[in-house]
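Residues per chain, in single letters:
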Amino acid sequence: MSRELAFLKLDHGAPYFEVHSNAFRSVIDAMCSRGQVTRYTEAEFCVQSDGSITKSEQNHKVFKFKGIPGMYKVADALLSEADAQVHYGSLIKVISTTENNLWNLKDKREIDYGDFEILCVASCTVAHPRWSSTFGGTAPLIAAAEQMKIPNQNFQKALKNIAEIKAEPVTALLMAFTGELASAWLSLQWRMLDVSRFSDVISRIHIKDLTETSDSVSNVGVVIHSTVSFGRKVVGVFGKTSTAARLGGAKHDEDSEQQIISDMWTEMKILLKEYKSIDSIPMNSASYGPHLHRWGAAFPGPTLLKQELACIEDLHLIFVGDYIESQSIPASIECAFLSASHGARRIAEVFSSKT
Ligand SMILES: Cc1cc2nc3c(=O)[nH]c(=O)nc-3n(C[C@H](O)[C@H](O)[C@H](O)COP(=O)(O)OP(=O)(O)OC[C@H]3O[C@@H](n4cnc5c(N)ncnc54)[C@H](O)[C@@H]3O)c2cc1C
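Source: prediction; values computed, not measured.

Asker: Whenever I open this one, the overall build of the protein chain confuses me. Can you help?
Answerer: Scanning the protein chain from terminus to terminus reveals 11 helices and 16 strands. For 355 residues, the compact-globule estimate of 2.2 N^0.38 gives 20 Å, and the protein chain sits close to it at 22 Å. Referenced to the eigenvectors of the C-alpha coordinate spread, the extents of the protein chain come out at roughly 65 × 45 × 40 Å. Every one of the 355 residues in the protein chain was classed for burial, and the buried ones make up 48%. Contacts in the protein chain between residues at least 24 apart in sequence constitute 65% of all its contacts with a sequence separation of at least 6. Looking at the protein chain as shown, the accessible area adds up to about 17800 Å², and 51% of this sits on carbon and sulfur atoms. Looking at the protein chain, you have 36 positive and 41 negative side-chain charges, and the mean spots of the two groups are 2 Å apart.

Asker: What should I look at first to understand the site of the ligand in this one?
Answerer: Among the 24 residues in the neighbourhood of the ligand, the closest are listed as Tyr-16, Ile-92, Arg-204, Asp-322 and Ile-333. Contact distances for the ligand include 2.7 Å between a nitrogen atom and a side-chain N or O atom of Arg-204. A distance of 3.4 Å is found between an oxygen atom of the ligand and a backbone nitrogen or oxygen belonging to Ser-332. Within the complex, 71% of the 1000 Å² of free accessible area of the ligand lies under protein. It is strand 14 (residues 288-300) that provides the largest number of residues to the shell around the ligand, a total of 3 residues. Per-class residue counts for the shell around the ligand are 16 nonpolar, 6 polar and 2 charged. Per-domain counts for the shell around the ligand show at least three residues from each of domain 1 (3-78 + 167-300) and domain 2 (89-164 + 303-352).

Asker: Please explain the side chain of Ser-332 as it appears in this structure.
Answerer: Structurally, Ser-332 can be placed in the loop between strand 16 (317-319) and helix 11 (333-352). The buried category is assigned to Ser-332, whose relative accessible area is 19%. In terms of polar contacts, Ser-332 uses its side chain to reach the backbone carbonyl oxygen of Ile-329, at 2.7 Å. From its side chain, Ser-332 meets the backbone nitrogen of Cys-335 in a polar contact 3.1 Å long.

Asker: Which parts of the structure should I look at to understand the confidence of the model for the protein chain?
Answerer: Any region with low pLDDT has predicted coordinates that should not be read closely. Confidence in the prediction of the protein chain, expressed as mean pLDDT, is 90, and 93% of residues score 70 or more. Scored below 50 in pLDDT, residues 1-6 shows 22 contacts in the model against residues more than four places distant or in partner chains.

Asker: Hey, could you run me through the sheet that holds strand 16 in this one?
Answerer: Where strands meet in a sheet, backbone hydrogen bonds hold them as pairs that are either parallel or antiparallel. Strands sit in the order 9-16-15 across an open sheet of 3 strands; the sheet is mixed. The open sheet has two free edges, formed respectively by strand 9 (119-121) and strand 15 (311-312), since each of these has just one partner strand. Inspection of the sheet shows strand 15 paired to strand 16 by 2 bridges, in the antiparallel sense. Considered in strand 16, the bridge of Ile-312 is made with Leu-317. Its contacts with the sheet place helix 5 (residues 153-163) against strand 15 and strand 16, and it is angled at close to 20° to strand 16.

Asker: In this structure, what is going on with the nonpolar core? I would like to understand it.
Answerer: What tends to happen in soluble globular proteins is that the nonpolar side chains get buried as a cluster. If you look at the biggest cluster of nonpolar residues, it comprises 35 residues, and the most contacted ones within it are Trp-185, Trp-190 and Leu-272. Of all the secondary-structure elements, those providing two or more residues to this core are strand 3 (44-47), strand 10 (167-178), helix 6 (179-186), strand 12 (202-209), strand 13 (219-226) and helix 9 (254-271). Broken down by element, the residue count for this core peaks at 6 residues, all from helix 9. Ile-95, Phe-135, Leu-317 and Ile-324 belong to the second-largest nonpolar core, a separate cluster that totals 32 residues.

So, how was this worked out
- Residues numbered from 1 in each chain as written.
- Predicted model: local features only at pLDDT ≥ 70, side-chain atom pairs only at ≥ 80, totals over all residues.
- Heavy atoms only, no water.
- Helix = DSSP H or I, 4+ residues; strand = E, 2+ residues; numbered from the N terminus.
- Rg over C-alpha atoms; globule rule 2.2 N^0.38 Å.
- Buried < 20%, exposed > 50% of the residue type's maximum accessible area, 1.4 Å probe, protein only.
- Contact = heavy atoms within 4.5 Å.
- Areas by Shrake-Rupley, 256 points an atom, 1.4 Å probe, with all protein chains shown as cover.
- Lys, Arg positive; Asp, Glu negative; His and termini not counted.
- Charge placed at Lys NZ, Arg CZ, Asp CG, Glu CD.
- Near = heavy atom within 4 Å.
- Polar contact = N/O pair within 3.5 Å; in protein donor to acceptor, adjacent residues only side chain to side chain.
- Nonpolar A, V, L, I, M, F, W, Y, C, P; charged D, E, K, R; others polar.
- Domains from an automatic or database assignment.
- pLDDT = per-residue confidence, 0-100.
- Pairing = 2+ DSSP bridges.
- Axes fitted to C-alpha atoms, helices over the stretch in contact; angles between N-to-C directions.
- Core = buried A, V, L, I, M, F, W, Y, C linked by side-chain atoms within 4.5 Å.

What follows is the structure, given as structure tokens:
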């Protein structure tokens, strides 16, 4: 979650998350009391089908939260409680089983991360045929399954189910402005604008006040998310900051990237034409960006991995994440949390039954 942009405290993906379940609520309440998370109470507006901008209707029964200072803090807070060794900036490319039935992980440089009793797969990409078109070669977990001398039926079923999961792409435009230009953005009466009812290109615009108390001038971050249909049209173009380009070595095409930036910027200007102070801002005046970031697999669905296939007990293999069926909204942060918490309980059960 926005880790690589933490210095800017700019949330390029989810700007907030909803909490529906008591289980997630108790964890989030604890984070709130430690100052790691707070309620998201920013003004949310939407563009109506006639182009007018009005206040969004709020569901007062559902609470929204955000990480402090950015969304990355939610994952950071969970990790800080665990006795975990974390490796950022590495892409696991080879997954295999050892003679002792342990899982071995290696990255693209063949760096060996060790042998593990349990493999917890927190992204379906390593088990999805889509891996081949993004990174080349067979997806690491599919390759691991192919190399097993005795095929595991539940593992095969899980891989078949994962292959059916489609992933909708989203492209984001990331920018920051400073001084008078930041003040122009901050003078708008909203911080989140839902434009999905009006635009085929943009789904929402998120403004974040980045001004520190010690700053003598204002700073603001502006993040624009594309619609899924626009994301699909530009699916072959990887932003410089995407995982595929940074870690997987996928090529990014400078000309196509500039065209997408220009298309999204122009659409934003059309949508916000009633604000003269925004209309006069040139694209090259941003203090950061505009940068393109593309998620090839932003929103998994509509098929998700069945809960009963998420734990392959005899292989010590657990799938967790927002691509697993749960009682929350699919492809959401709460869905990822509930699946991870279910996975952790299953690991505890499997191990306690063996001791
Ligand atoms: C543009 C956008 C807007 C969103 N808005 C909202 C919102 O408003 N509210 C909400 O609740 N949710 C929202 N979401 C969805 C939310 O961000 C996801 O549901 C959530 O992040 C899923 O968490 P996860 O842990 O399952 O997966 P991820 O957050 O995707 O984490 C998986 C991690 O695995 C890593 N990884 C993958 N493959 C490898 C590999 N081979 N080696 C090493 N690491 C690997 C990835 O880099 C990533 O860090 C949004 C998502 C996007 C893209």
